[in-house]
Amino acid sequence: MGGCVSTSSSTCSSRSDGEKVSHECLGISMFGRKRTRRTFSDHAIALQHLSSIPNRIFANGKSRTSCIFTQQGRKGINQDVMIVWEDFMAEDVTFCGVFDGHGPHGHLVARKVRDALPLKLLSFLMSFDSKSDGSAADCYNGNPQLEVVEPDKDQVVADKVDTQWKEAFLQSYKAMDKELRSQPNLDCFCSGSTAVTLVKQGSDLFMGYIGDSRAILASKDDNNSMVAVQLTVDLKPDLPKEAERIKQCKGRVFALQDEPEVQRVWLPFDNAPGLAMARAFGDFCVKEYGVISVPEFSHRVLTERDKFIVLASDGVWDVLSNDEVVDIVSLAPTRSSSARIVVDSAAREWKIKYPTSKMDDCAVVCLFLDGKMDVESENEEDQCFSSAPLQSNAAESDDGHHSEPSLQRNTTVRSAEENNVYTRVIAEAEADQETTVTEDQKWSGLEGVTRVNSLVQLPRFSDERPRP
């Protein structure tokens, strides 16, 4: 759960013989591995059918290579959501994301982004890939004259692939924010969400992110000790580059007297909303004043030293360091319990470090890079985890009154749906279900709360001008 405040009354691979092989001749085009024969319609899954996909988990559970866990804090509705989607666009391609909502409808915004953003990214990636099919056709057919390339040409191809991935992330984030603005039944004027997303394809890791949710990598150093490598940057107003952009757009950046360590974004003519991040989906009240939804993009090539990746919301990073999280996951009794143990550790630290504050929501994704999960004690783990979505989340209610994971965790049993065959749905990727919202819902989750991303619900300032 992020934060807003107000002080006013206003509301590349190589062969065994050392010869370089081009990305396209590996059959990866943009995606890094040999593609299966799937059409775009095979991947264009309508939003209403997403919960039936067995390789897509979004509730507390585990998959073949990961585990995820979220826990409601003490501020009201859980506004943190996460997702792991294996076989995202082809085999050996995994999409992961954590989304931290804030504001009166932050939980709805976060869920909307969780469901729609992967489809938008998939749509742009597939469109890029379709354009390269002609030039890569000979490679797929095994033309030996095209398989071996010069190193400089291979670098050109690699740079092109990197550029296409970056463009796909940029365009999908842009389309996502545009869709949120046009939603008639989802008010995102002073509600929004962070996003930290990644696509792992073989040894390539592509990342796009906004806001203050974070991703780290656990890797072995020269002494064979596990160390934490931060993969993302917390995009907050305290970063000079972010603050400069906001100020150039007439927005204001300053901290409140009672929390001088938290820089916030304010309107030029009112002490609101006090947004504690510089980039976010939604939050259209400050989009004209420097807050943007343009993601930072990065590409990293993984090595054998890299062991696992952790994505988490700021409810975790506010109280646990990168190294502490790496240690917790490394020492977890089972891999499938590691995400839950990270959240439990964060909950204890909140009580110790901030005894007078209400614990923030926490969401964690642990992705293990060797592609393995626990085989022992699986029956015991199944009492707490399910590889299919929890029943409560499968029927999420837009008014937020459904059962959410809370401080006292609910155990679940494995759903019979997890063994269902993957249903291919021919639908447009932009197909969407309108989100309904209870208009008179109270923003009780943020009453009397400190250390939050947004502390006020704003009126619409469509005709207001700065005060003289």
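Conventions and cut-offs
Residues numbered from 1 in each chain as written. Predicted model: local features only at pLDDT ≥ 70, side-chain atom pairs only at ≥ 80, totals over all residues. Heavy atoms only, no water. Pairing = 2+ DSSP bridges. Helix = DSSP H or I, 4+ residues; strand = E, 2+ residues; numbered from the N terminus. Axes fitted to C-alpha atoms, helices over the stretch in contact; angles between N-to-C directions. Buried < 20%, exposed > 50% of the residue type's maximum accessible area, 1.4 Å probe, protein only. Arc of directions from axis to C-beta. Contact = heavy atoms within 4.5 Å. Phe/Tyr/Trp six-rings, centres within 6.5 Å; stacked < 30°, edge-to-face > 60°. Salt bridge = Lys/Arg side-chain N within 4 Å of Asp/Glu carboxyl O.

The name given to the protein in an unreviewed UniProt entry is protein-serine/threonine phosphatase, with the source organism recorded as Anisodus acutangulus.

Peer 1: Could you give me a rundown of the sheet that holds strand E13 (residues 273–275), with the residues and numbers involved?
Peer 2: Here three strands make up an open sheet; going across it, the order is E11-E12-E13 and the pairing antiparallel. Of all the strands in the sheet, just strand E11 (252–255) and E13 have a single pairing partner and so form its edges. Strand-to-strand twist of the sheet, defined as the mean angle between neighbouring strand axes without regard to direction, takes the value 40°.

Peer 1: Lay out unusual backbone geometry in plain terms, naming residues and giving numbers.
Peer 2: Omega for the peptide link from alanine 272 to proline 273 comes to 0°, which places this bond in the cis form. Following the sequence through the fold, proline 273 ends up in strand E13. The residue aspartate 92 is not glycine, and still its phi comes out positive at about 65°. Of note in this structure, aspartate 283 is not a glycine but carries a positive phi near 50°. Structurally, the position occupied by aspartate 283 is in the loop between strand E14 (281–282) and strand E15 (296–301). Aspartate 283 gets classed as buried once you look at its relative accessible area, which sits at 1%.

Peer 1: Summarise helix H8 (residues 322–330); cite the residues concerned and give the values.
Peer 2: Of the positions making up H8, those classed as buried are Asn322, Val325, Val326, Ile328 and Val329. Taken end-on, H8 shows its buried residues confined to a sector of 160°, consistent with a single buried face. Packed against the buried residues of H8 are strand E9 (214–220), strand E10 (226–230), strand E16 (306–312), helix H7 (314–317), helix H9 (338–353) and strand E17 (362–368).

Peer 1: Before we move on, can you summarise the sheet that holds E9 with the specific residues and values?
Peer 2: Ordered by their spatial adjacency, six strands build an open sheet running E2-E3-E17-E16-E9-E10, and the pairing between neighbours is antiparallel. Sheet topology places strand E2 (61–62) and E10 at the edges, where each strand pairs with a single neighbour. Bridge count for E9 against E10 is five bridges, and the pairing is antiparallel. Looking at the pairing, lysine 220 lines up with methionine 226 of E10.

Peer 1: How would you sum up the pairing of E16? Please name residues and give values.
Peer 2: Burial within E16 is extensive, with six of its seven residues counted as buried. Relative to E16, E9 runs antiparallel, the two sharing six bridges. Along E16, the bridge assignment pairs isoleucine 216 with valine 310. Pairing analysis gives five bridges linking E16 to E17, with the strands arranged antiparallel. Paired with valine 310 across the two strands is cysteine 366, which belongs to E17.

Peer 1: Outline the pairing of strand E7 (residues 195–201), supporting the account with residue identities and numerical values.
Peer 2: For a regular strand, side chains alternate in direction, first toward one face of the sheet and then toward the other. The buried fraction of E7 is high, at seven of seven residues. Taking every second residue as pointing to the same face, both faces of E7 are buried, with Ala195, Thr197, Val199 and Gln201 on one and Val196, Leu198 and Lys200 on the other. Judged from the six bridges that link them, strand E5 (residues 93–102) and E7 form a sheet pairing that is antiparallel. Residue pairing across strands places glycine 97 opposite threonine 197, the latter belonging to E7. The pairing of E7 with strand E8 (residues 204–210) spans seven bridges and is antiparallel. Bridged to glutamine 201 within E8 is aspartate 204.

Peer 1: Can you tell me about the packing of aromatic side chains, naming the residues and giving the values?
Peer 2: Aromatic ring pairs are reported here in terms of the distance separating the ring centres and the angle at which the planes meet. Inspection of every chain in the model, using the stated rule, returns eleven aromatic pairs. Between tryptophan 165 and phenylalanine 206 the ring centres are 4.1 Å apart and the planes differ by 5°, which places this aromatic pair in the stacked class. A residue pair is termed long-range when its members are at least 10 positions apart, and tryptophan 165 in helix H5 (residues 151–182) and phenylalanine 206 in strand E8 qualify at 41 residues. Ring geometry for phenylalanine 269 and tyrosine 289: centres 6.4 Å apart, planes at 75°, overall edge-to-face. Here tyrosine 289 lies in the loop between E14 and E15 and phenylalanine 269 lies in the loop between strand E12 (263–266) and E13, a separation of 20 residues in the sequence. Owing to a relative accessible area of 8%, phenylalanine 269 belongs among the buried residues under this scheme. With relative accessibility at 17%, the residue tyrosine 289 sits in the buried group.

Peer 1: Lay out the pattern of salt bridges in plain terms, naming residues and giving numbers.
Peer 2: Summed over all chains, the structure comprises 17 salt bridges. Here aspartate 177 ties to lysine 287 by a salt bridge, and the two come within 2.7 Å at their closest N and O atoms. In this pair, aspartate 177 sits in helix H5 while lysine 287 sits in the loop between E14 and E15, placing the two residues 110 residues apart along the sequence. This pair shows no difference in class: aspartate 177 is buried, exactly as lysine 287 is. Glutamate 242 serves as the salt-bridge partner of arginine 279, at 2.8 Å between the closest nitrogen and oxygen. Linking arginine 279 in the loop between E13 and E14 with glutamate 242 in helix H6 (residues 240–248), this pair joins segments that are 37 residues apart in sequence. Assigned by exposure class, arginine 279 and glutamate 242 land together as buried.

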